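Overview (structure and organization)
Letter by letter, the chains look like this.
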Amino acid sequence: MTPAPERFTVLQARRLALGALGFARGRPAGSVSARHLRATIDRLGFFQIDSVNVLQRAHYLPLYSRLGPYDTSMLHRAAERSPRRLVEYWAHEAAFLDVELWPAFAFKRQDESRMWGGPREIAREKPQLVEQVREEVAQRGPLTARQVEDDVPRDRSSWGWNWSEAKQALEYLFYVGEVMVAGRNAQFERLYDVAERVLPPHVAERPDLPSDAAHRELVEHAARALGIGTAQCLRDYFRLQPAPTVQAIAELQEDGVLVPATIDGWARPAWRHRDAVTPRKVRARSLVSPFDPLVFERTRLKQLFDFDYRIEIYVPAEKRLFGYYVLPFLLGDRLVGRVDLKHDRRTGTVQVLGAYSESHAPGHTAVELAAELELLATWLGAGEVTVGERGDLAPALAQAVHDRPVHGNAGETA
């Protein structure tokens, strides 16, 4: 007889999720070490990359949210020095991926139908160019795309990205895993090199996982990172296809890795990872990146936190509800507000362009947020936090910031 699914209240599920995602234990009391970095990589599996630098580049923020101020050069070393702990690839989106997961992404590297048009077409129409680009990277790498494409004519007849054929060839080689990213330069451009010089030997020697085994590994990883979730939650984490995700869930349930669950008010069935436990209390205080796994899946976010969220970077300014680069504010086990932030490097300030509270925000939200903004500013090397007038939380936040001004310039900018 099949046992009944475990039942969770929304509060229990929310706390379970926060614990799994690394928000329940509190930040390290001392300095952040390589051990803390490795544990967070193991927990999340990747850090999404985004080039927007209005506050801080996206891949730095999940570590800060969980660990507090840390030396960003640790992340650089993990991604750029041998033996690498992180490599760039397409996970949820473009990401610094845990290198141990590289064999599990073979099914994606081998499926060119999932690749966008330009790189796929250049590989079909001009395979000799692709080989020429690979040889150039092998002989001269690491190289930026601009260095590779210097001698290749650019097709200026189309709008949009208008990538050169050499750039498209590089993207093809990157997608199929023959060329990888050895690092980034000061302009945040990728430095391409051949895979044999980027992958650690112990990973390069491991066989690629077949698709079914890969999906089991990735679905289990998603379940462990999220703690509890529906099939949609588990699929979205690594952007997997529906059918193999459903099959992986069934097999993991059969093996006892995923435990069937229901959450009050949720129409869809859920699963708890067998190692996930519900903390008795969550004492988090953190600003959360728009690209953090906590906010990936919007339906899940709404159902667990009663928090409607949309990234408005690409929304015209006059149509934005909250601002350009808005970070949710986690306090305890609730998302209690959001702030539109900018790091003005010229003036050395973190600017709060807008501050908004949720209906359930406690009375001390502004004081706690001011303290968190002070910590963030110190990490970024900013000397001051300024608060604008936009948003219902702005007056109280401005007063709280005034009562505890930011001191020092002790952070490291990336």
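Residues numbered from 1 in each chain as written. Predicted model: local features only at pLDDT ≥ 70, side-chain atom pairs only at ≥ 80, totals over all residues. Heavy atoms only, no water.

A word on the nonpolar core. Burial of nonpolar side chains together is a common tendency in soluble globular proteins. With 135 residues, the main nonpolar core has Phe 238, Tyr 325 and Leu 341 as its most contacted residues. What Phe 238 contacts, discounting residues up to four positions off in sequence, is Phe 46, Ala 91, His 92, Leu 101, Phe 105, Lys 108, Leu 218, His 221 and Ala 222. (Core = buried A, V, L, I, M, F, W, Y, C linked by side-chain atoms within 4.5 Å. Buried < 20%, exposed > 50% of the residue type's maximum accessible area, 1.4 Å probe, protein only. Contact = heavy atoms within 4.5 Å.)

The linkage connecting Ser 82 with the following residue, Pro 83, adopts the cis geometry, with an omega of -10 degrees. Relative to the assigned elements, Pro 83 resides in the loop between α4 (73-80) and β3 (86-90). For the bond running from Gly 141 to Pro 142, omega is 5 degrees, close enough to zero to count as cis. Here Pro 142 lies in the loop between α7 (127-140) and α8 (145-149). In this structure, Phe 188 is a non-glycine residue whose phi angle is positive, near 70 degrees. Note that Phe 188 resides in the loop between β5 (179-184) and β6 (190-194). Despite not being glycine, Asp 306 shows a phi value in the positive range, around 50 degrees. Along the chain, Asp 306 turns up in the loop between α14 (298-305) and β11 (326-332). (Helix = DSSP H or I, 4+ residues; strand = E, 2+ residues; numbered from the N terminus.)

Spatially, four strands are ordered β1-β8-β9-β7 in an open sheet, and the strand pairing comes out mixed. Edge strands, defined here as strands with exactly one partner in the open sheet, are β1 (6-8) and β7 (228-229). Summarising the sheet, β1 and strand β8 (residues 258-263) pair through three bridges and their orientation is parallel. For Phe 8, the partnering residue across the bridge sits in β8 and is Ile 263. Where helix α1 (residues 10-20) meets the sheet, its contacts fall on β1, β7, β8 and β9 (270-273), and the angle it forms with β1 comes to roughly 95 degrees. This element, helix α11 (residues 211-226), spans β7, β8 and β9 of the sheet and lies at about 80 degrees to β9. (Pairing = 2+ DSSP bridges. Axes fitted to C-alpha atoms, helices over the stretch in contact; angles between N-to-C directions.)

Right, let's talk about the pattern of salt bridges for a bit. Counted under the stated rule, the structure contains 30 salt bridges. Among the ionic pairs, Lys 302 bridges to Asp 306, the shortest N-O distance being 2.8 Å. Residue classification places Asp 306 among the partly exposed positions, given a relative accessible area of 41%. Beyond isolated ion pairs, a larger network of salt bridges with shared partners links Glu 88, Lys 167, Glu 171, Arg 184 and Arg 190. (Salt bridge = Lys/Arg side-chain N within 4 Å of Asp/Glu carboxyl O.)

For helix α13 (residues 242-254), spanning 13 residues, the distance from its first C-alpha to its last is 18 Å, which sits close to the expected 18 Å at 1.5 Å a residue. Among the residues making up α13, those that are buried are Thr 245, Ala 248, Ile 249 and Leu 252. Along the axis of α13, the buried residues cluster in a sector spanning 105 degrees; they form a single face. Opposite the buried face of α13, by more than 90 degrees, sit the exposed residues Ala 243, Val 246 and Glu 254. Each element contacted by the buried residues of α13 is listed here: α11, α12 (231-237), β8 and β9. Of the residues flanking the end of α13, it is Gly 256, one or two places downstream, whose phi is positive at about 80 degrees. (Expected span 1.5 Å × (residues − 1). Arc of directions from axis to C-beta.)

Here we take up the sheet that holds β11. Pairing within the open sheet is mixed, and its five strands lie in the order β10-β11-β12-β13-β14. In the strand order of this sheet, the two ends are held by β10 (284-287) and β14 (384-390), each with one partner. For this sheet, the mean inter-axis angle between neighbouring strands, taken without regard to orientation, is 30 degrees. Pairing between β10 and β11: four bridges, direction antiparallel. By the bridge assignment, Ser 286 is partnered in β11 with Leu 330.

Throughout the structure, instances matching the rule amount to two cavities of 30 Å³ or more. If you add up the space inside the largest cavity, you get close to 40 Å³. (1 Å grid on protein atoms, 1.4 Å probe; cavity = no way out; pocket = protein on both sides within 12 Å on 5 of 7 lines; lining within 4 Å. Points joined across faces, edges and corners; volume = space filled by probe spheres on them.)

This brings us to the pairing of β6. Within β6, four of the five residues are buried, leaving the element largely enclosed by the surrounding structure. Here β5 pairs with β6 via five bridges, running antiparallel. Residue pairing across strands places Gly 183 opposite Leu 191, the latter belonging to β6. Where β5 folds back onto β6 in an antiparallel hairpin, the turn is made up of five residues, including Phe 188, whose phi is positive at roughly 70 degrees.

Below, the discussion takes up the packing of helix α2 (residues 34-44) against α11. Two elements in contact, α2 and α11, have axes separated by 8 Å at closest approach and are oriented at 120 degrees. Contacts from Asp 42, Arg 43 and Leu 44 in α2 reach His 221, Arg 224 and Ala 225 in α11. Its residues placed into classes, the contact of α2 with α11 shows two nonpolar, one polar and three charged. (Nonpolar A, V, L, I, M, F, W, Y, C, P; charged D, E, K, R; others polar.)

Their axes nearest at 9 Å, the elements α7 and helix α9 (residues 165-176) cross at an angle of 75 degrees. By the angle class used here, α7 and α9 are roughly perpendicular. Residues Leu 129, Val 130, Val 133, Arg 134 and Val 137 of α7 form the contact with α9, whose own contacting residues are Glu 165, Ala 166, Ala 169, Leu 170, Tyr 172 and Leu 173. Each residue belonging to the contact of α7 with α9 can be placed in one class, and the counts come to nine nonpolar, no polar and two charged. (Parallel < 35°, antiparallel > 145°, perpendicular 65-115°, else oblique.)

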